[in-house]
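Structural overview
Each chain, letter by letter, is given below.
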Amino acid sequence: MQNDSKKKIIEVSTDTNIGGAGKCLITLLENFDYNVFDVKVILPPNSLLKPHIEKLGIKVIEVQGIAEKSLDLRSIRSLRKIFKTEKPDLVHTHASMSARIAAKQAGAKVVYTRHSVFPPSKYLTHFPGKQINGLMNNHYSDGIIAVAEAAKDNLTDTGVNADKIKVILNGVEGLTPASPKEKDALRGRFGVRSGEKVVSIVARLEEVKGHEYFIEAADMLLSEGIDARFFIAGTGSCDRHLREKVRMLGRENKIVFTGFIPDVDKLMNITDIQVNASYGTEATSLALLEGMSLGVPAVVSDFGGNPGVIHDGVNGFVVPKQNSAALMTGIKKLLGNDELYEKMSKNSIEVFKKTFTAAAMTRSTEQLYLSLI
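First, a word on what this report is: a plain description of the structure on this page. (Residues numbered from 1 in each chain as written. Predicted model: local features only at pLDDT ≥ 70, side-chain atom pairs only at ≥ 80, totals over all residues. Heavy atoms only, no water.)

1. Here's the deal with the overall build of the protein chain
Within the protein chain, the secondary structure is distributed over 16 helices and 13 strands. Each principal axis of the C-alpha atoms in the protein chain carries an extent, and together these give about 65 × 50 × 35 Å. For the protein chain, buried positions account for 54% of its 373 residues. Across the protein chain, every contact between residues at least 6 apart in sequence was considered, and the portion connecting residues at least 24 apart equals 68%. Taken as a whole, the protein chain presents about 16900 Å² of accessible surface, with 50% of it coming from carbon and sulfur. (Helix = DSSP H or I, 4+ residues; strand = E, 2+ residues; numbered from the N terminus. Buried < 20%, exposed > 50% of the residue type's maximum accessible area, 1.4 Å probe, protein only. Contact = heavy atoms within 4.5 Å. Areas by Shrake-Rupley, 256 points an atom, 1.4 Å probe, with all protein chains shown as cover.)

2. Some remarks on the sheet that holds strand β2 (residues 37-43)
Reading across from one edge, β3-β2-β1-β4-β5-β6-β7 is the order of the 7 strands in this open sheet, with parallel pairing throughout. The sheet terminates laterally at β3 (60-62) and β7 (165-167), the two strands that pair on one side only. Going from strand to strand, the sheet's axes swing by 25° on average, the running direction of each strand aside. As judged from the 6 bridges shared by strand β1 (residues 7-12) and β2, these two strands associate in the parallel manner. (Pairing = 2+ DSSP bridges. Axes fitted to C-alpha atoms, helices over the stretch in contact; angles between N-to-C directions.)

3. Quick word on the nonpolar core
Generally speaking, nonpolar side chains in soluble globular proteins are found buried as a group. Core analysis: the largest hydrophobic core is formed by 33 residues, its most contacted members being Phe230, Ile232, Ile255, Ile273, Leu327 and Ile331. Among all residues touching phenylalanine 230, those that are not within four sequence positions of it are Val199, Phe214, Ala218, Leu221, Leu222, Lys254, Ile255 and Val256. In this structure, Ile9, Ile58, Leu368 and Leu372 belong to the second largest nonpolar core, which totals 22 residues. (Core = buried A, V, L, I, M, F, W, Y, C linked by side-chain atoms within 4.5 Å.)

4. Here we look at the sheet that holds strand β10 (residues 255-259)
Pairing in this open sheet of 6 strands is parallel, and the strands run β10-β9-β8-β11-β12-β13 from one edge to the other. Looking at the sheet topology across the chains shown, the edges are occupied by β10 and β13 (316-319). Each neighbouring strand pair of the sheet contributes to a mean axis angle of 20°, computed without reference to strand direction. Looking at chain direction, strand β8 (residues 197-202) and strand β9 (residues 228-233) are connected through 6 bridges and run parallel. Residue pairing for β9: serine 200 is matched across the bridge by phenylalanine 231. Its contacts with the sheet place helix α12 (residues 286-293) against β8, β11 (273-276) and β12 (298-301), and it is angled at close to 165° to β11.

5. A short note on the packing of helix α9 (residues 211-223) against helix α10 (residues 239-249)
Across the interface, α9 lies against α10 with an axial gap of 10 Å and an inter-helix angle of 15°. With respect to α10, the axis of α9 lies roughly parallel. For the element pair α9 and α10, the recorded crossing hand is right-handed. On α10, the residues that touch His211, Glu212, Ile215, Glu216 and Asp219 of α9 are His241, Leu242, Lys245, Val246 and Leu249. Split into classes, the residues belonging to the contact of α9 with α10 amount to 4 nonpolar, 2 polar and 4 charged. (Parallel < 35°, antiparallel > 145°, perpendicular 65-115°, else oblique. Left-handed = near helix turned anticlockwise from the far one by under 90°. Nonpolar A, V, L, I, M, F, W, Y, C, P; charged D, E, K, R; others polar.)

Written out as structure tokens, the structure is:
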């Protein structure tokens with residue numbers, strides 16, 4: 001039976017696949033206080049998020065025309081009709097400007113989350129683009145969540161009022177550590193020899209994720225005789241190009257493409273060092289957080305939200321973006337110093353528990369909802 005005292009929330013996602021924003025939405029839905037909130041979700045038809053959300057017992061409303069689009073004028077009418085029927089206290093959109101406009105027209109409070117970090121265009125940082133963008137975002141949002149300080153900078157650089165923005169760092173459920181026996185089996189599954197170290201990069205195979213620099217750094221380390229195996233987990237448009245690069249280097253046996261693996265936690269459980277080499281888009285990497293929960297230190301580029309997750313010299317190293325040699329040096333430091341590695345491994349778990357848990361992210365989000373309602 002509906003409890004009318006609960007705050008009615010509608011979450012809106014335009015994603016058809018499950019990316020970082022979708023994972024954050026699922027994490028929120030798994031951790032909301034349902035004694036306080038009544039939550040429904042709007043998705044495009046056939047979104048891969050739907051079965052995960054319905055499994056939680058949460059109602060999904062499918063809307064045509066919103067798939068992978070921020071703004072679709074025809075869908076505003078459909079969304080407005082839903083909001084007027086459902087009468088939510090607050091609508092939280094994960095990128096959809098259409099939903100923000102419709103929610104405002106229906107009289108609901110609006111929260112928008114900026115899930116990504118990327119260099120804004122000159123049009124958006126100069127007159128009149130900056131003023132137009134700022135006007136739209138300020139008017140159609142009562143509160144804005146930035147998932148990293150760098151995401152907040154993106155917003156303010158493009159005219160958004162800083163007072164509307166709250167930085168809420170992404171959080172994840174910690175991964176379950178594998179037992180020594182399980183790790184032995186997993187190392188066998190992935191073809192890792194006894195004594196061989198594992199360095200992994202988990203990211204979409206797109207140019208801005210910096211896999212080329214990871215491959216070049218791996219080649220340098222292998223040339224120095226480092227006994228390690230380097231894993232590239234994920235799929236994307238650069239798959240063929242990257243595989244050819246590895247083939248040309250003659251490193252197919254040491255630099256391994258896993259493709260998409262649904263149980264990436266298994267790879268993370270045998271990973272000694274994680275790498276993030278992004279240089280074009282990166283907020284708060286969920287893969288980095290999951291690795292930290294297991295005590296996996298990381299070597300990351302200094303782009304976007306990476307420095308907010310990996311603190312240089314504490315739980316890993318932050319190096320200049322698009323710099324293979326710097327990546328190589330950071331990885332080598334960790335591989336070559338057991339005492340330093342153990343210290344950073346422990347620090348990784350401590351930083352995760354203090355800042356990046358699913359509960360911390362959800363409680364902060366709930367507090368923002370209640371402050372606006």
